[in-house]
Amino acid sequence: MPTSQNLRFKATLPKDMEFDHPAGAGLMRSLSTELVAAGWSADEMDNWRDCGWSVVCRRGSSELEVVVSQIQDGQWMLQVSPQRNPGFIGGLFGGKPSASPSDVQELAIAVHRALSTLQYLSSPQWRWDGFPDEKHSTSEPRAALKHTECG
């Protein structure tokens, strides 16, 4: 089952007045505000592994995480995924992800729209469960393929 929507994109951001490290605080702050306006609830953003920013988003019973990190000057990676995703053993004991692939898709679409509105989205490349490169990506988030279609 697909787990995450991954986005690689280009953006030039103004320097954040509150945090100079890691890069992207202003982007995440603005993105969170746009997601709340689109009907998602968003926790406070958090420093993610000292290399980016994350925010937990909720709607209904779904809990997802959006993480953004700069991969080089002007190049960014963003991931939308369930906040909790049990591993193999957890799945054997009935653990379920905190969001379905359709929830991930809905939030990815909201993220895409928000980044477009903020004018922070140039050369977007979206991909399910992998690094988005020119060969294996789409310019907008797309629905997950069913196992029978992965062929």
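Residues numbered from 1 in each chain as written. Predicted model: local features only at pLDDT ≥ 70, side-chain atom pairs only at ≥ 80, totals over all residues. Heavy atoms only, no water.

A. A look at the layout of surface pockets. Here the largest pocket defines a volume of roughly 260 Å³. As for the largest pocket, its lining consists of 17 residues, of which Leu13, Pro14, Lys15, Ala23 and Gly24 are closest to the centre. Broken down by element, the lining of the largest pocket gets its largest block of residues, three residues, from helix H1 (residues 25–37). Of the residues assigned to the lining of the largest pocket, the class counts are nine nonpolar, five polar and three charged. (1 Å grid on protein atoms, 1.4 Å probe; cavity = no way out; pocket = protein on both sides within 12 Å on 5 of 7 lines; lining within 4 Å. Points joined across faces, edges and corners; volume = space filled by probe spheres on them. Helix = DSSP H or I, 4+ residues; strand = E, 2+ residues; numbered from the N terminus. Nonpolar A, V, L, I, M, F, W, Y, C, P; charged D, E, K, R; others polar.)

B. Expanded view of the nonpolar core. Judged by nonpolar contacts, the single largest core of 31 residues is most densely connected at Phe9, Val66, Leu78, Leu107, Val111 and Leu115. Taken together, the elements giving at least two residues each to this core come down to strand S1 (5–10), H1, strand S4 (52–59), strand S5 (62–72), strand S6 (75–82), helix H3 (101–117) and strand S7 (122–128). At seven residues, the largest contribution of residues to this core is made by H3. With sequence-adjacent residues up to four places away left out, Leu107 is seen in contact with Leu35, Trp40, Cys57, Leu64, Val66 and Val80. (Core = buried A, V, L, I, M, F, W, Y, C linked by side-chain atoms within 4.5 Å. Buried < 20%, exposed > 50% of the residue type's maximum accessible area, 1.4 Å probe, protein only. Contact = heavy atoms within 4.5 Å.)

C. Structural context of the confidence of the model for the chain. Taken as a whole, the chain shows an average pLDDT of 91; of its residues, 94% reach a score of 70 or greater. Every residue in residues 147–151 scores below 50 in pLDDT, and together they form two contacts with partners more than four places removed in sequence or on other chains. (pLDDT = per-residue confidence, 0-100.)

D. How the structure looks around empty space enclosed by the protein. Counted by the stated rule, this structure contains one cavity of 30 Å³ or more. For the largest cavity, the full set of lining residues is Gln5, Trp126, Arg127, Trp128, His136, Ser137, Thr138 and Arg142. Looking at the lining of the largest cavity element by element, the count peaks at three residues for S7.

E. Representation of the packing of aromatic side chains. One pass over the full model with this rule turns up one aromatic pair. Taken together, a centroid distance of 5.0 Å and an interplanar angle of 50° make the contact between Phe19 and Trp53 tilted. Placement of Phe19 in the loop between S1 and H1 and of Trp53 in strand S4 is noted, with a sequence separation of 34 residues between them. The exposure class of Phe19 is partly exposed, given its relative accessible area of 31%. A relative accessible area of 3% means that Trp53 is categorised as buried. Sitting over the face of the ring of Trp40, Arg59 holds its NZ or CZ atom 4.0 Å from the ring centroid. (Phe/Tyr/Trp six-rings, centres within 6.5 Å; stacked < 30°, edge-to-face > 60°. Lys NZ or Arg CZ within 6 Å of the ring centre and 35° of its normal.)

F. View of unusual backbone geometry. Residue His21 is joined to Pro22 through a cis peptide bond whose omega torsion reads -10°. Position of Pro22 relative to the elements: it lies in the loop between S1 and H1. Even without glycine at this site, Arg49 takes up a positive phi of about 55°. Its place among the elements puts Arg49 in the loop between strand S3 (46–48) and S4.

G. Geometry of the pairing of S5. Burial analysis of S5 places eight of its eleven residues in the buried class, which makes it a mostly covered element. Alignment of S4 against S5, held across seven bridges, turns out to be antiparallel. Bridge pairing links Arg59 to Ser62 in S5. Taking the residues between adjacent antiparallel strands as the criterion, S4 and S5 are bridged by two residues, where Gly60 takes a positive phi near 60°. Pairing analysis gives eight bridges linking S5 to S6, with the strands arranged antiparallel. Looking at the pairing, Gln72 lines up with Gln75 of S6. As consecutive antiparallel partners, S5 and S6 are separated by two residues, and within that stretch Gly74 has a phi angle of approximately 75°, a positive value. (Pairing = 2+ DSSP bridges.)

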